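# A structural walkthrough
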Amino acid sequence: RAVGIAASAANGQPLKGVEVEVMGAGIPKAHSNPQGKYRTHNMDICIYEFRFSKPGYITLTVSKEIVDDGDTELNVQLVTESAPPPPPPPVPHP
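To start, this report covers the structure provided alongside it. (Residues numbered from 1 in each chain as written. Predicted model: local features only at pLDDT ≥ 70, side-chain atom pairs only at ≥ 80, totals over all residues. Heavy atoms only, no water.)

### Quick word on the overall build of the protein
The condition is simple: Segments assigned H or I by DSSP are reported as helices when at least four residues long, segments assigned E as strands when at least two residues long, and all are numbered from the N terminus. Atoms considered for the radius of gyration are the C-alpha atoms alone. The globule rule reads 2.2 Å times the number of residues to the power 0.38. Categorising residues by exposure relies on relative accessible area from a 1.4 Å probe, with only protein chains included: less than 20% of the type maximum marks a residue as buried, more than 50% marks it as exposed, and the intermediate range marks it as partly exposed. We call two residues contacting when some pair of their heavy atoms lies within 4.5 Å. Values of accessible area rely on a 1.4 Å probe in the Shrake-Rupley scheme; residue burial ignores everything except the protein chains shown.
Helix and strand counts for the protein stand at 0 helices and 8 strands. Helices and strands appear in the protein in the N-to-C order β-β-β-β-β-β-β-β. Over its C-alpha trace the protein gives a radius of gyration of 18 Å, far above what one expects of a compact globule, namely 12 Å for 94 residues. The principal-axis extent of the C-alpha atoms belonging to the protein is close to 70 × 25 × 20 Å. Here the protein, with 94 residues, has 30% of them falling under the buried criterion. Counting contacts in the protein only where the partners sit at least 6 residues apart, residues at least 24 apart contribute 46% of the total. Summing over all exposed atoms, the protein offers an accessible surface of approximately 6200 Å²; the carbon and sulfur share of this is 54%.

### Let's talk about the nonpolar core
How we decide: In plain words, nonpolar cores are sets of buried Ala, Val, Leu, Ile, Met, Phe, Trp, Tyr and Cys residues tied together by side-chain atoms within 4.5 Å.
Met43, Phe50, Phe52 and Leu74 are the most contacted members of the largest nonpolar core, which has 19 residues in total. Listing elements by their share of this core, those giving two or more residues are strand 1 (2–8), strand 2 (19–23), strand 5 (46–53), strand 6 (60–66) and strand 8 (76–78). Here this core takes 3 residues from strand 5, the largest share from any one element.

### Focus on the pairing of strand 6
Filter applied, for reference: Two strands are counted as paired when DSSP detects at least two bridges linking them.
The sheet contact formed by strand 5 and strand 6 spans 7 bridges and is antiparallel. In the strand pairing of strand 6, Phe52 is matched with Leu60. Joining the antiparallel neighbours strand 5 and strand 6 is a turn of 6 residues, in which Gly56 adopts a positive phi near 90°.

### Considering the side chain of Thr40
So the rule is basically this: For this analysis, a polar contact is any N or O atom pair within 3.5 Å, provided that within protein one partner can donate a hydrogen and the other can accept it, and provided that sequence-adjacent residues contribute only side-chain to side-chain pairs.
Assignment of secondary structure puts Thr40 in the loop between strand 4 (37–39) and strand 5. Polar side-chain contacts of Thr40 include one of 2.8 Å to the backbone nitrogen of Ala2. Apart from residues no more than four positions distant in its own chain, Thr40 is found in contact with Arg1, Ala2, Val20, Val22, Ile27, Ala30 and Phe50.

This is the structure in structure tokens:
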């Protein structure tokens, strides 16, 4: 299984409620707790794609090899989505 902490890239603070999906592993999604900690279910030894997502943040996909039956550490930092740019000012017509 994978264990780790999901934090904000902006300030390093832990993020609660980050969804952790292990692509193709056939296990339930995990979610980070108020301290940013998460733990997936057990999975076979293999290289997996981990998808970390939270509203307001850019989804992050990371490849990581699960190397044994114990805990494999995978800490991540999520970047906030930037606000959309303001609309351009109207063009004056002569």
